[in-house]
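Residue-level listing of the chains:
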Amino acid sequence: MTHLLPEPDYLSLPEQVAQMLVVRASGYLFDHQIQYPSWEPNAEVLRHWLTDLGVGGVILLGGSAGEIACRCQQLQEWSAIPLFLAADIEEGVGQLFSGATWFPPPLALAGMVQSGATIEQVQQSAQAMGAWTAQEALAIGLNWVLAPVVDVNNNPQNPVINVRAFGQTPELVSQLSTAFIQGAQPYPVLTTAKHFPGHGDTATDSHLDLPVIPHDCDRIHKTEYLPFQAAIAANVDGVMSAHLLIPALDPQYPATLSAKILTGELRQALRFDGLIVTDALVMGAIANQYGANEAAVLAVAAGADVLMMPADPPGAIAAVCAAVEQGRIPLAQIEASVERIWRAKRKITTYAVEDTSYQHAWETQPPSHIDLDRLGTREAIATATTILKDSNVIYGQITTVPERARTLIVVDDLLDCTFLGRKAPAIDRLRKQGYQVQIVDGNTPEMTGAETAPQPTFLQLFIRGNPFRGSAQLSSKAQAWFEFLVSTNQLQALVIYGSPYALEQFQPLLPAGIPYAFSYGQMPRAQALVLEQLLPD
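These figures come from a predicted structure and were not determined experimentally.

Some words on the overall build of the protein chain
A count of helical and extended segments in the protein chain gives 18 helices and 16 strands. Residue pairs at least 24 apart in sequence account for 79% of intrachain contacts in the protein chain once pairs closer than 6 positions are excluded. Accessible surface, the protein chain as shown: approximately 20,900 Å² in total, 51% of it carbon and sulfur.

Considerations on the pattern of salt bridges
Under the counting rule described, the total for this entry stands at 17 salt bridges. With a closest N to O distance of 3.4 Å, R340 and D273 form a salt bridge. Of the two residues, R340 is situated in helix α12 (residues 331-349) and D273 in the loop between α8 (259-269) and β7 (275-277); the sequence distance between them amounts to 67 residues. For R340, a relative accessible area of 15% corresponds to the buried category. What makes D273 partly exposed here is its relative accessible area of 41%. In this structure, D428 engages K432 in a salt bridge whose closest nitrogen and oxygen atoms are separated by 3.1 Å. Highlighted residues: D428 and K432, both in helix α15 (residues 425-432), separated by four residues, approximately one helical turn. Each of the salt bridges in this network shares a partner with another, and the network as a whole consists of R267, D273, D305, R340 and R343.

Quick notes on the side chain of Q455
Looking at where Q455 falls in the secondary structure, it is placed in the loop between β13 (436-440) and β14 (457-463). Excluding its chain neighbours within four sequence positions, the residues that come into contact with Q455 are R404, R406, Q436 and Q490.

Topic: the confidence of the model for the protein chain
Averaged over every residue, the pLDDT of the protein chain is 89; residues scoring 70 or more account for 90%. This model gives residues 351-368 a pLDDT under 50, and the stretch forms 29 contacts once residues within four places in sequence are excluded. With pLDDT under 50 throughout, residues 467-473 is counted as low confidence; its partners more than four residues away or in other chains account for 30 contacts.

Describing the environment of A323
Within the element layout of this structure, A323 appears in helix α11 (residues 313-325). Considered as a pair, A323 and A301 are 22 residues apart in the sequence and their alpha carbons are 8.9 Å apart.

Focus: the sheet that holds strand β2 (residues 57-61)
The strand order across the open sheet built from eight strands is β7-β6-β5-β4-β3-β2-β1-β8, with neighbouring strands paired in parallel fashion. Among the strands making up the open sheet, the edge pair consists of β7 and β8 (307-308). Strand direction decides the pairing type here: strand β3 (residues 84-87) and strand β4 (residues 144-145), joined by two bridges, are parallel. Opposite A86, over in β4, you have W144 as the bridge partner.

A closer look at the environment of A43
Among the secondary structure elements, A43 is positioned in helix α2 (residues 43-53). Sequence separation between A43 and S26 is 17 residues, and the spatial gap between their C-alpha atoms is 9.5 Å. Here A43 is in contact with D31 and W78, once residues within four sequence places are set aside.

Some words on the packing of α2 against helix α3 (residues 65-78)
Orientation of α2 relative to α3, taken along the N-to-C sense of each, is 50 degrees, at an axis distance of 8 Å. Overall, the two elements α2 and α3 adopt an arrangement that is oblique. Between α2 and α3, the contacting residues are A43, L46, R47, L50 and T51 on the first element and R71, L75 and W78 on the second. For the contact of α2 with α3, a count of residues per class yields five nonpolar, one polar and two charged.

Each value, and the rule that gives it
- Residues numbered from 1 in each chain as written.
- Predicted model: local features only at pLDDT ≥ 70, side-chain atom pairs only at ≥ 80, totals over all residues.
- Heavy atoms only, no water.
- Helix = DSSP H or I, 4+ residues; strand = E, 2+ residues; numbered from the N terminus.
- Contact = heavy atoms within 4.5 Å.
- Areas by Shrake-Rupley, 256 points an atom, 1.4 Å probe, with all protein chains shown as cover.
- Salt bridge = Lys/Arg side-chain N within 4 Å of Asp/Glu carboxyl O.
- Buried < 20%, exposed > 50% of the residue type's maximum accessible area, 1.4 Å probe, protein only.
- pLDDT = per-residue confidence, 0-100.
- Pairing = 2+ DSSP bridges.
- Axes fitted to C-alpha atoms, helices over the stretch in contact; angles between N-to-C directions.
- Parallel < 35°, antiparallel > 145°, perpendicular 65-115°, else oblique.
- Nonpolar A, V, L, I, M, F, W, Y, C, P; charged D, E, K, R; others polar.

Laid out in structure tokens, this is it:
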């Protein structure tokens, strides 16, 4: 199949609107592997959306990097028009797709500054992180990096941004997110600053409910806007909206559905002329209060160019078309959005051939252009390792392993832990050094108070704010185990993987002389680096 960008005028209104949709799909190749059937259509339905309706893009989750490479080829073959192929790879491709490089969360870069690195060194790391993320995305067929997060995490209780932010001040977030964008820019991928007008100062997870931001316009403009202004100045390709109600800007509609915010603030006041893309429309903040199709209409009317994960794609197309015919949405607005989409697709579907002209990549490159050898290179892993090492906190060292010593590992949900396999260092290294291994998660029965005989315990806590978790706080089990081990003098050492705020909470309560460590990362590489220093062979 030849993949060309036709002139938008040749598309019917439904075809133009369909190009404004990015739908969710499983990264796995087969229907029986679908993990979220309410969000991920089967192959027959997805192919219909792409081939017959002309949907403009797909956001992928699940599968290894190799599987995603095959999946991206399959999806492009199903579509007559080149697709946006997107993923929330804020921590590198390996965050979601195994085999590629998994970087620590962006807040680790702020941790480097706290540990003494110069801002120039940290910016270099942020730029390298953007470059490797872009290269590895391209290597498996992805062309839209839904990053960087440019929210200022100025609320430690924030359950959804948290370590996904580059820092706690607008100045640092601006510097590091801009460096990330600059690192990605030499490559034909799109970058996206999110979540406008700023999701950092909320204690509510918008995946579950609608947060309300009470600040006045002056505070919002001076704090939350600065990183978005920096990203726009750095030529970021897209800006993603936040599902937030901000009465000072619009007392009626959340930002995603607000013309005052998307058009008045972002498009006009900040002069952004790239893609305005909604956050996922299936999230509770929108889905719980607006009908699936009305939400799509309101978002487009507000100024969104791209509808991310509408709950009912065919219904959304029909509803937006009806709104145009009824005069609720000007046809010129749809045409302007499609022109921005075309501008973005030209960037990701063309490349220079000597000095003569630009050609469509799919016309000149065979399907075998996927290059898995570019994944997980020594250079990319070295960049991730530098960020981890330079942001780790290590205090003291374990010199002996007592008899009957155990490591107690506490996680939210073991079934969802991609970082705790049988060979993960948190398990394997300690077992080899003589520790018994015990894992506790949210499904483990509560402590009864009648525990077994005292045991020297190396406590390892995996905790960070994550979407859908609903809280950035320590789980009740983590808190209970820490207090129990301290009060009974059984705590031998403590490691926290993920949340610096958990470290801040526990540090003052640790008995003198207890070794402890912290890493922003939770992946096996992060575990290995911490344990090599805290518990040497």
